[in-house]
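Take a look at the letters that make up each chain.
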Amino acid sequence: MAICVLACAAAAQTPEVISIDAGGNDPGPVPARYTEGSARSPQGDVIGLNSRYLTKNGKPWLPAMGEFHFSRYPAAEWDEELLKMKAAGIGIVSTYVIWIHHEEIKGQFDWQGERNLRAFAQACARHGLLLVIRIGPWVHAETRNGGLPDWVVKAGPTRRNDPAYLNAVQQWYAQIGQQVRGLLWKDGGPIIGVQLENEYAQRGPGAGAAHILTLKKLALASGLDVPLYFVTGWDNAVVPEDAVLPVYGGYADAPWDASLTRWPPAEVYAFRTKSRVAADHAPDDTLTQPVPFLTAETGSGIEDTYHRRPVIAPDDVAAIVPVMLGSGVNLYGTYLFHGGENPDGKLTTLQESQATGYPTDVPVKSYDFQAPLGEFGRERESFRKLKVFQYFLNDFGSELAPMRVYPATRQPKNPRDLTVLRVSVRAHGNAGFLFVNNYARGAQMPAHPLAQFEVHLPGGTLYIPENRVNIPSGAYFIWPFNLPLSGITLRYATAQLFTQIQNGRETTFYFEATPGIAPEFAIDAAQTRVLSAGSAQISKQNDTIRIRAIQPGLNSAIELLSTTGARVKLVVLSRKEAEDAWKIRLNGAQRLLITQQDFFADDAHAWLLSTGSPSFAFTLTPPPPQAPKATLPLTETQPTSQAAQFTAQAHPLQWTVRYRQTQAAGKVPPVKIGPAPAWRAKGVAEAPSTAQFAHAAKWEIAIPPAATPSSSTAGLHNLYLNIRYTGDVARLYHAGKLLTDNFYNGQAWTVGLNRFLNLSRANRLDLEILPLRADAPIYLETPRPTPAAFSGGQILALRSVDLVPQYALELETQ
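Below: a short report on this structure.

Definitions and cut-offs
- Residues numbered from 1 in each chain as written.
- Predicted model: local features only at pLDDT ≥ 70, side-chain atom pairs only at ≥ 80, totals over all residues.
- Heavy atoms only, no water.
- Helix = DSSP H or I, 4+ residues; strand = E, 2+ residues; numbered from the N terminus.
- Rg over C-alpha atoms; globule rule 2.2 N^0.38 Å.
- Buried < 20%, exposed > 50% of the residue type's maximum accessible area, 1.4 Å probe, protein only.
- Contact = heavy atoms within 4.5 Å.
- Core = buried A, V, L, I, M, F, W, Y, C linked by side-chain atoms within 4.5 Å.
- Expected span 1.5 Å × (residues − 1).
- Pairing = 2+ DSSP bridges.
- Axes fitted to C-alpha atoms, helices over the stretch in contact; angles between N-to-C directions.
- Phe/Tyr/Trp six-rings, centres within 6.5 Å; stacked < 30°, edge-to-face > 60°.
- Bend = angle between axes of the 7 residues up to and from the residue.
- Salt bridge = Lys/Arg side-chain N within 4 Å of Asp/Glu carboxyl O.
- Polar contact = N/O pair within 3.5 Å; in protein donor to acceptor, adjacent residues only side chain to side chain.
- Lys, Arg positive; Asp, Glu negative; His and termini not counted.
- Parallel < 35°, antiparallel > 145°, perpendicular 65-115°, else oblique.
- Left-handed = near helix turned anticlockwise from the far one by under 90°.
- Nonpolar A, V, L, I, M, F, W, Y, C, P; charged D, E, K, R; others polar.

With that out of the way, let us pick up the overall build of the protein. Counting its regular elements, the protein contains eleven helices and 48 strands. Taken against the 2.2 N^0.38 rule, which gives 28 Å for 814 residues, the C-alpha radius of gyration of the protein at 27 Å falls within 12% of a compact globule. Overall, the C-alpha framework of the protein stretches about 80 × 70 × 60 Å when taken along its three principal axes. Per-residue burial for the protein yields a buried fraction of 61% across its 814 residues. In the protein, the share of contacts with a sequence separation of at least 24, taken over all contacts with a separation of at least 6, comes to 73%.

In structure tokens, the structure reads:
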């Protein structure tokens, strides 16, 4: 049931002025209390920091970082997936180097194939991406033993300065050092950072700060000399000053929690005004630490556990961004940006489990995490929503980074107080950004129909907007104010700044319309002449030009001329258009390519991927003088002065999948409850063992070869198997090998087949599904089947099995 409906709605009917005092003296940043490693590259580029933000060549730098585990993804597909991350605005890739993936057997190191760290770092460099390696030794990552090999765990104490443990760690770090030799920042490589340990809070002799400092010494002795050393800063973490930088995070749900009901609104939807750890954390000194507020694990999804299976919506992910940035975050790191699957172990499976003393059970193979890029590289809607913010950081992060945080005068009492609109400002002088969030996962936030923001600045009070507006339920956004745009001061905009494109002396600034709020620009009249505004309404009062009644879309372009002769365009895109827009360079000029298809690009090509349909459509703005070369014939449709539209059609491919049941389900035994860890009041349901799959229903799935000539399959990029079922746990096999698995959460289970099968010939897959018991103590966010749907105390239904081709269109951009 949604939280806060009647009371909140009543509270929001009166006019409200949300006041933010940003007029105080900002003393500015001071030197960071941190000693860097080698910060200068051979090319002369320097990474630095102060107490407020990171710097690159002395200039403020606010990058977007995304987590991608190389050892959980086929090496042959790394290039494409890294290009997808780059296309979405990611500039830094972070990755765990998981010890058990590389030295499962003592002394037998495996750096081949998907475990090849060196090749992964080289791929990042090839595509202009920086890299942070999170080397543990303990990493968590929902892996067996938190990433420690079994032989390390059995040998004695871990995660402290035990001689035997440190000797093993020294050899592990030495191996990593050999793998990345010549690829560090100081060598001209992409690796700018190293994270030591993870979620480390142990104290006592040989532990605490002494252990973190020992790990750093071992890393340096192994050649891992980088500008930035990190540790995670939550869970009462140990953070030795001067030696390491804390990174923070937060998630929309808590699948490690024992609760079997909907979680209350998470703290990540409330500004962190008292602590960098969490909005509901006790006040501490983290906000005044003389180091920047950096994140590495801002949740962009969540891994379902056996006992708790939340379904994360795209807005659950995107609404966190303005909250974290408005709290002062100056490195936006997401976990997990790209899903994957556990590699095969040599001795055991490699997932976290209660059987190995950990608090939850996760799938044996799948580590999809409901991430923006899924286990098989599919671009989820959250990928596009995050892209909008990440483009903003890429283009305007240098303006945002130095800005100080000013919370609204009135704040919610706690993250579950939904009556107060959540507002923050970051400003430097009179310029800044307004951060608003009226969204919380699992809650119905009240609309604020007569809202106005009163921002007190050193130069006076600014009202945004001039007239009161409705802030809808579910809205979240970042609005600029007093922002210089190529010599023109934008007093404010009631649309989110998205990205910019510059060609010659003309700069186009793209905005994303906030759904339910009319876009409006207020511009300094003394600096500006309006050349054209289409159907928009223009008015001038005193020293301000106001542009209203703007219809979002490419044809909404407002053309301005500054007193310095610079030409400026303001274009307001709808939210859908912004989410579908990608920056490319076509024949030497910057453009936006707008398409509903999945997208990625390198320096010379762009790829569009269409799943289920052989049809392609895209728009280029500004329009190019001629159509780009493509692997399919392009047809231009409806050209305008602002954009050119193209369509293409691939040859349709048909597969007919056949499946038959080979074993009926047996009666599954009652679900067992595991032991309660020290930090949790009770135990939770244990995942079924492999032996219990003797009770599973089984099917053979026959996949014939492509029913078209091989020359026609050239446009085939992948083939997806879509399985819709109701049950508990499903596993998919080929030739007796477990490919991947799934905990039922009410969503379709989609498996990419290209990496597993040769599609030019016939293949057979085996599907096993365990029934879901009516009394299973698990939380399903999607509606649980009604009691009448269960037969004999359990339910199982295979509703459909389909094959869905994914087509590719390649464009030449250079």
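After presenting the structure, the write-up continues.
With that settled, the discussion passes to the nonpolar core. Membership of the largest hydrophobic core comes to 231 residues, with the highest contact counts inside it found for Phe 511 and Phe 521. Here this core gets nine residues from one element, more than from any other, and that element is helix H10 (residues 381-400). Counting 26 residues, the second largest nonpolar core, distinct from the first, contains Val 425, Leu 434, Val 469 and Tyr 492.

Further remarks concern helix H7 (residues 208-221). The end-to-end C-alpha distance of H7, which contains 14 residues, comes to 20 Å, matching closely the 20 Å that a straight helix rising 1.5 Å per residue would cover. Gly 208, His 211, Ile 212, Thr 214, Leu 215, Lys 216, Leu 218 and Ala 219 are the residues of H7 that are buried. On its buried face, H7 is in contact with strand S7 (130-136), helix H6 (163-179), strand S8 (191-196) and strand S9 (228-232). With its phi angle positive at about 90°, Gly 223 sits one or two positions after the end of H7.

This brings us to the sheet that holds strand S36 (residues 635-637). Strand order in this open sheet of five strands is S31-S32-S35-S37-S36, and the pairing throughout is antiparallel. Strand pairing shows two members of the sheet lacking a second neighbour, strand S31 (581-586) and S36, which therefore form its edges. Each neighbouring strand pair of the sheet contributes to a mean axis angle of 35°, computed without reference to strand direction. The pairing of strand S32 (residues 589-595) with strand S35 (residues 615-621) spans four bridges and is classified as antiparallel. Note on S35: the bridge partner recorded for Leu 592 is Thr 621.

Ordered in space as S5-S6-S7-S8-S9-S10-S11-S13, the eight strands form a closed barrel in which the pairing is parallel. For this sheet the average axis-to-axis angle between neighbouring strands, irrespective of direction, equals 30°. Examined bridge by bridge, strand S6 (residues 92-96) and S7 share five bridges and lie parallel to one another. The residue of S7 that forms the bridge with Val 93 is Leu 131. Packing against the sheet, H10 makes contact with strand S5 (64-68) and strand S13 (332-338), and its axis sits at approximately 150° to S13.

This brings us to the packing of aromatic side chains. Tallied over the full model, the rule gives 33 aromatic pairs. Judged by centre distance (6.1 Å) and plane angle (75°), the ring pair of Tyr 439 and Tyr 476 falls under edge-to-face. Here Tyr 476 lies in strand S21 (residues 476-485) and Tyr 439 lies in the loop between strand S18 (431-437) and strand S19 (448-457), a separation of 37 residues in the sequence. Take Tyr 439 and Tyr 476: they sit in the same class, and that class is buried.

Residue Asn 394 marks the point of greatest curvature in H10, where the axis turns by about 55°. Judged by how many residues are buried, H10 sits mostly within the fold: 16 of 20 residues are covered.

Side-chain pairs of opposite charge can arise where the charged atoms are in close proximity. This model, assessed by the stated rule, comprises 44 salt bridges. One salt bridge in this structure joins Glu 241 and Arg 33, with 2.9 Å as the shortest N-O distance. Of this pair, Glu 241 sits in the loop between S9 and strand S10 (245-250) while Arg 33 sits in the loop between strand S1 (16-21) and strand S2 (47-49), and the two are 208 residues apart along the sequence. Counted as one network, the salt bridges with shared partners bring together Asp 253, Arg 262, Arg 308, Asp 316, Arg 441 and Glu 781.

Note that Asp 361 resides in the loop between strand S14 (340-341) and strand S15 (366-367). Judged by relative accessible area, Asp 361 falls into the buried class, the value being 8%. In this structure, the C-alpha to C-alpha distance between Asp 361 and Thr 95, residues 266 residues apart in sequence, is 22 Å.

This part is about the environment of Trp 679. Its location among the elements puts Trp 679 in the loop between strand S38 (658-663) and strand S39 (697-703). When the C-alpha positions of Trp 679 and Arg 378 are compared, they lie 36 Å apart, and in sequence the two are 301 residues distant.

On to unusual backbone geometry, then. What is expected of a backbone is that most residues other than glycine have negative phi and most peptide bonds are trans. Of the consecutive residues Gly 136 and Pro 137, the connecting peptide bond is found in the cis state with omega at 20°. Take Pro 137: it is sitting in the loop between S7 and helix H5 (150-155). Following Ile 464, the chain continues into Pro 465 via a peptide bond in cis, with omega recorded as -10°. Assignment of secondary structure puts Pro 465 in strand S20 (residues 460-471). One non-glycine residue with positive phi stands out, namely Asp 242, at about 75°. Take Asp 242: it is sitting in the loop between S9 and S10.

Let's shift gears to the pairing of strand S28 (residues 544-548). For S28, the tally of buried residues reaches four of five residues, placing the bulk of the element in the interior. Relative to S28, strand S25 (residues 521-524) is paired through four bridges, and the arrangement is antiparallel. By the bridge assignment, Ala 522 is partnered in S28 with Arg 546. Counting the residues between successive antiparallel strands, the hairpin from strand S27 (residues 537-541) to S28 contains two residues, one of them, Asn 542, with a positive phi of roughly 55°.

Turning our eyes to something else, we now look at the side chain of Asn 50. Its location among the elements puts Asn 50 in the loop between S2 and strand S3 (54-56). A distance of 2.8 Å separates the side chain of Asn 50 from the backbone nitrogen of Arg 52, its partner in a polar contact. Those residues in contact with Asn 50 that lie beyond four places of it in its chain are Pro 29, Val 30, Ala 32, Val 291 and Pro 292.

Position of Glu 352 among the secondary structure elements: in the loop between S14 and S15. For the buried residue Glu 352, which engages in no salt bridge, the nearest side chain bearing the opposite charge is Arg 680, 7.5 Å off. Within polar-contact distance, the side chain of Glu 352 engages the side chain of His 140 at 2.8 Å. A polar atom in the side chain of Glu 352 sits 2.5 Å from the side chain of Thr 360. Those residues within four positions of Glu 352 in sequence are excluded, and the remaining contacts are His 140, Glu 142, Thr 143, Arg 144, Tyr 358, Pro 359, Thr 360, Asp 361 and Val 362.

Close contact between helix H2 (residues 78-87) and helix H4 (residues 117-126) brings their axes to 10 Å; oriented N to C, the two are set at 45°. Compared by their axis directions, H2 and H4 come out oblique. In the crossing of H2 with H4, the sense of the turn from one axis to the other is right-handed. Residue-level inspection shows Trp 78, Asp 79 and Leu 82 of H2 in contact with H4, the latter providing Ala 119, Phe 120, Ala 123, Cys 124 and Arg 126. Here the residues of the contact of H2 with H4 are counted per class, giving six nonpolar, no polar and two charged.

Where H6 meets H7, the axes come as close as 9 Å, and the angle between the chain directions of the two elements is 40°. As far as their axial angle goes, H7 and H6 are oblique. Handedness of the crossing formed by H6 with H7: right-handed. Side by side, H6 and H7 meet where Tyr 165, Leu 166, Val 169, Gln 170 and Tyr 173 of the first sit next to His 211, Thr 214, Leu 215, Leu 218 and Ala 219 of the second. Split into classes, the residues belonging to the contact of H6 with H7 amount to seven nonpolar, three polar and no charged.

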